[in-house]
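Chain and residue survey
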Amino acid sequence: RVRLESPPGHELLSSQERLSGARFSPDGRYIAYLRHPVLDDDRGTVEIIDLQGTLVAKSKTALTLGGLAWAPSGREV
């Protein structure tokens, strides 16, 4: 089981799937991360949650995910 916490000890997300590349938005209001449904496979989705753990955006499945960064404006990943 994988957990995403912020601040430490406050669980925002728990999953059986692999999560990677978590990044805070420039204003600190959101966290973007990569979700990989198949272990040791780089396909998956980009997801964004708020600090209450509510999913606010999810991409279509990509065949490969190789990194994650917020635009300086914080309006896109």
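As shown above, the structure is provided for reference.
Here we summarise the structure given alongside this text. (Residues numbered from 1 in each chain as written. Predicted model: local features only at pLDDT ≥ 70, side-chain atom pairs only at ≥ 80, totals over all residues. Heavy atoms only, no water.)

Before going further, it helps to spend a moment on unusual backbone geometry. The omega torsion across S6 and P7 is -10 degrees, close enough to zero to call that bond cis. Here P7 lies in the loop between β1 (2-5) and β2 (11-15). Phi angles above zero are rare outside glycine, and D40 is one such case at about 60 degrees. (Helix = DSSP H or I, 4+ residues; strand = E, 2+ residues; numbered from the N terminus.)

Taken as a whole and judged by the stated rule, the model has seven salt bridges. Ionic pairing is found between R29 and D27, a salt bridge with its closest N-O pair at 3.9 Å. Across the pair E47 and K58 runs a salt bridge, and its minimum N-O distance is 4.0 Å. Here the residue E47 occupies a position in strand β5 (residues 45-50), and K58 occupies one in strand β6 (residues 55-58), the gap between them amounting to 11 residues. For E47, a relative accessible area of 3% translates into the label buried. Connected through salt bridges with shared partners, the residues E17, R35, E47 and K58 form a single ionic network. (Salt bridge = Lys/Arg side-chain N within 4 Å of Asp/Glu carboxyl O. Buried < 20%, exposed > 50% of the residue type's maximum accessible area, 1.4 Å probe, protein only.)

Our focus in this paragraph is the sheet that holds β6. Overall, antiparallel pairing links the four strands, which are arranged β3-β4-β5-β6 in an open sheet. Each edge of the sheet is formed by a strand with only one pairing partner; in this case those strands are β3 (18-24) and β6. This sheet shows a mean twist of 25 degrees between the axes of neighbouring strands, independent of strand direction. The pairing of strand β4 (residues 30-36) with β5 spans six bridges and is classified as antiparallel. Looking at β5, one finds that I31 is bridged to I49. (Pairing = 2+ DSSP bridges. Axes fitted to C-alpha atoms, helices over the stretch in contact; angles between N-to-C directions.)

With respect to the secondary-structure elements, T45 resides in strand β5. Here E47 takes part through its side chain, which lies 3.2 Å from a polar atom of the side chain of T45. With sequence-adjacent residues up to four places away left out, T45 is seen in contact with Y33, L34, R35, K58, S59, K60, T61 and L65. (Polar contact = N/O pair within 3.5 Å; in protein donor to acceptor, adjacent residues only side chain to side chain. Contact = heavy atoms within 4.5 Å.)

Two faces make up the sheet, and in a regular strand the side chains alternate between them. In the sheet, β1 pairs with β2 via four bridges, with the strands oriented antiparallel. Across the sheet, the residue bridging to V2 is S15, located in β2.

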